[in-house]
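Fold and geometry: a report
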Protein chains: 2
Amino acid sequence: MFSDRFDQLVQALRILPSVGPKSAQRMALHLIMKNKEGAIGLAHALNEATSYIHECGICHSLTENEVCDICCSTERDDQLLCVVESPADVMAIEQSGSFKGKYHVLGGHLSPLDGIGPEEIGIPYLVQRLSDGKVTEVILATNPTVEGQATAHYLVEATKHLSLQMTRIAQGVPQGGELEYVDSHTLSQAVHNRMKMK
Amino acid sequence: MFSDRFDQLVQALRILPSVGPKSAQRMALHLIMKNKEGAIGLAHALNEATSYIHECGICHSLTENEVCDICCSTERDDQLLCVVESPADVMAIEQSGSFKGKYHVLGGHLSPLDGIGPEEIGIPYLVQRLSDGKVTEVILATNPTVEGQATAHYLVEATKHLSLQMTRIAQGVPQGGELEYVDSHTLSQAVHNRMKMK
Ligand SMILES: [Zn+2]
Ligand SMILES: [Zn+2]
């Protein structure tokens, strides 16, 4: 439609998650008709972000520096380490404001069928990181999926020789969710893991 | 979160229509973690599109050339001219495959309260375009809104002195829509404009 460069822009916008052909067209038209300056700014931000953002040398989250702000912070508890699968999980936990320790990003979960074993998600490096005795509690915050659970269990085994407390984030019914819409596996887990109130 | 350039990318993505703070974050993470190459391609496509795409010198739709493909085409009917508000409408009608004439994009609709009169949407130029006698029918495809209707009526008045057929795209209940969900104004119009079947 209109021109080759228009079609190329529509195609390029399709790489964004949950953007289908119709919304890509709508976006392209909006940018060209209503916000050329914004489009140029977005191009610049994309080039900058892809050039300068990379993995933190310590926790494997994202940063522009050698080591990320959280790893550098002296105001966060060095004794608490939260292990997650991805930087998106770091972001979600940070936004919940519920954690003031440090992080370790695995960059995935164990998935033997896809050839992803302990080496591929840097478990030897994590074990080494835990070996200096600074960390006293590891919070396993891998996803509550089959693979995330397996990864958490593997980590408990792999760090058996270290005197560490290992905890797992609680699993149960999500706040604000109505029971009738909660899947039965989650519900049976929630009943099984019920907590004493009195 | 993560770094300044990450936050800048999230902000820049917010200019896309119907992208809120949460989806902008999700998009930024996706691009940096999963598709850096795609992100660089998108930046390039944005720069190219904003540099090279502009208004067609004849119909005011979008093109990379002086005159757009539709205006240049010898396979389209020069006697039929479809008047629309924006290039998005050209795209929608083209995708419906229902029209084989040429277009004229007003770039808006009459809106006296916003200071948008006939000059602002190029009506004198359209009248001049129609004056050479090539066009025999003008299809008024401005939006079925109060402003779009007013603009269509104004065009009928403004071209009174020319011997042209002026038609308006049909208004009624949309195909596939269920009557109970159609607004009452549309429904009353549809009853009023009912068509003989036998
Ligand atoms: Zn870090
Ligand atoms: Zn044109």
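Described in the following lines is the structure provided in the data block. None of these values were measured; they are calculated from a predicted model.

**Quick word on the relation of the copies chain A and chain B**
- Mapping chain A onto chain B calls for a screw motion: a turn of 180° about the axis and a shift of 0.0 Å along it, with 0.0 Å RMSD after fitting. The transformation relating the two chain copies, once decomposed into turn and shift, fits a two-fold axis. Closest to the rotation axis within chain A is the C-alpha of Ala43(A), separated from it by 2.0 Å.

**Concerning the coordination of the zinc ion (ligand 2)**
All names here are of chain B.
- Summarising the metal site, the zinc ion (ligand 2) is bound by the protein donors Cys56 (SG), Cys59 (SG), Cys68 (SG) and Cys71 (SG), whose distances to it range over 2.3 to 2.4 Å.
- Counting residues between consecutive donors of the zinc ion (ligand 2) along the chain gives the motif C-x2-C-x8-C-x2-C. Note that Cys56 is positioned in the loop between strand S1 (54-55) and strand S2 (62-63) and Cys71 in helix H4 (residues 69-72), a separation of 15 residues in sequence. As far as burial versus exposure is concerned, Cys56 and Cys71 are alike and both buried.

**Considerations on the environment of Thr159(B)**
Residues and elements named next belong to chain B.
- If you trace the backbone, Thr159 turns up in the loop between helix H7 (146-158) and strand S6 (165-168).
- Sequence separation between Thr159 and Val127 is 32 residues; the distance between their C-alpha atoms is 6.5 Å.
- Beyond its immediate sequence surroundings of up to four residues, Thr159 is in contact with Val127, Leu130, Leu164 and Met166.
- A polar contact of 2.7 Å, which involves the side chain of Thr159, links it to the backbone oxygen of Leu155.

**Here we look at helix H3 (residues 36-52) of chain A**
- With 17 residues, H3(A) extends 24 Å from end C-alpha to end C-alpha; this agrees with the ideal 24 Å at 1.5 Å per step.
- Along H3(A), the residues that are buried comprise Gly38(A), Ala39(A), Leu42(A), Ala43(A), Ala45(A), Leu46(A), Ala49(A) and Thr50(A). End-on view of H3(A): buried residues confined to an arc of 165°, all on one side of the axis. Across H3(A) from its buried face, at more than 90 degrees, point the exposed residues Glu37(A), His44(A) and Ser51(A).
- In this fold, the buried residues of H3(A) make contact with helix H2 (21-34) of chain A together with helix H1 (4-13), helix H2 (21-34) and helix H3 (36-52) of chain B.

**Some thoughts on the interface of chain A and chain B**
- Taken together, the 52 residues of chain A in the interface contact 52 residues of chain B.
- Summing both sides of the interface, chain A and chain B together bury roughly 4800 Å²; the carbon and sulfur share of this comes to 72%.
- Taken together, chain A and chain B are joined by four salt bridges.
- With a closest N to O distance of 2.7 Å, Arg5(A) and Glu48(B) form a salt bridge.
- For the pair chain A and chain B, the interface holds 16 residue pairs in polar contact (both at pLDDT 80 or more).
- Only helix H1 (4-13), H2, H3, strand S2 (62-63), helix H4 (69-72) and helix H5 (87-96) of chain A provide two or more residues apiece to the side of chain A that touches chain B.
- With 14 residues, H3(A) is the largest single contributor of residues to the side of chain A that touches chain B.
- Residue classes in the side of chain A that touches chain B are distributed as 30 nonpolar, 13 polar and nine charged.

About the criteria used
- Residues numbered from 1 in each chain as written.
- Chains lettered and ligands numbered in written order.
- Predicted model: local features only at pLDDT ≥ 70, side-chain atom pairs only at ≥ 80, totals over all residues.
- Heavy atoms only, no water.
- Least-squares fit on C-alpha atoms with pLDDT ≥ 70 in both.
- Donors = N, O, S within 2.8 Å, 3.2 Å for Na, K, Ca; no water.
- Helix = DSSP H or I, 4+ residues; strand = E, 2+ residues; numbered from the N terminus.
- Buried < 20%, exposed > 50% of the residue type's maximum accessible area, 1.4 Å probe, protein only.
- Contact = heavy atoms within 4.5 Å.
- Polar contact = N/O pair within 3.5 Å; in protein donor to acceptor, adjacent residues only side chain to side chain.
- Expected span 1.5 Å × (residues − 1).
- Arc of directions from axis to C-beta.
- Buried area = accessible area lost by both parts, 1.4 Å probe.
- Salt bridge = Lys/Arg side-chain N within 4 Å of Asp/Glu carboxyl O.
- Nonpolar A, V, L, I, M, F, W, Y, C, P; charged D, E, K, R; others polar.

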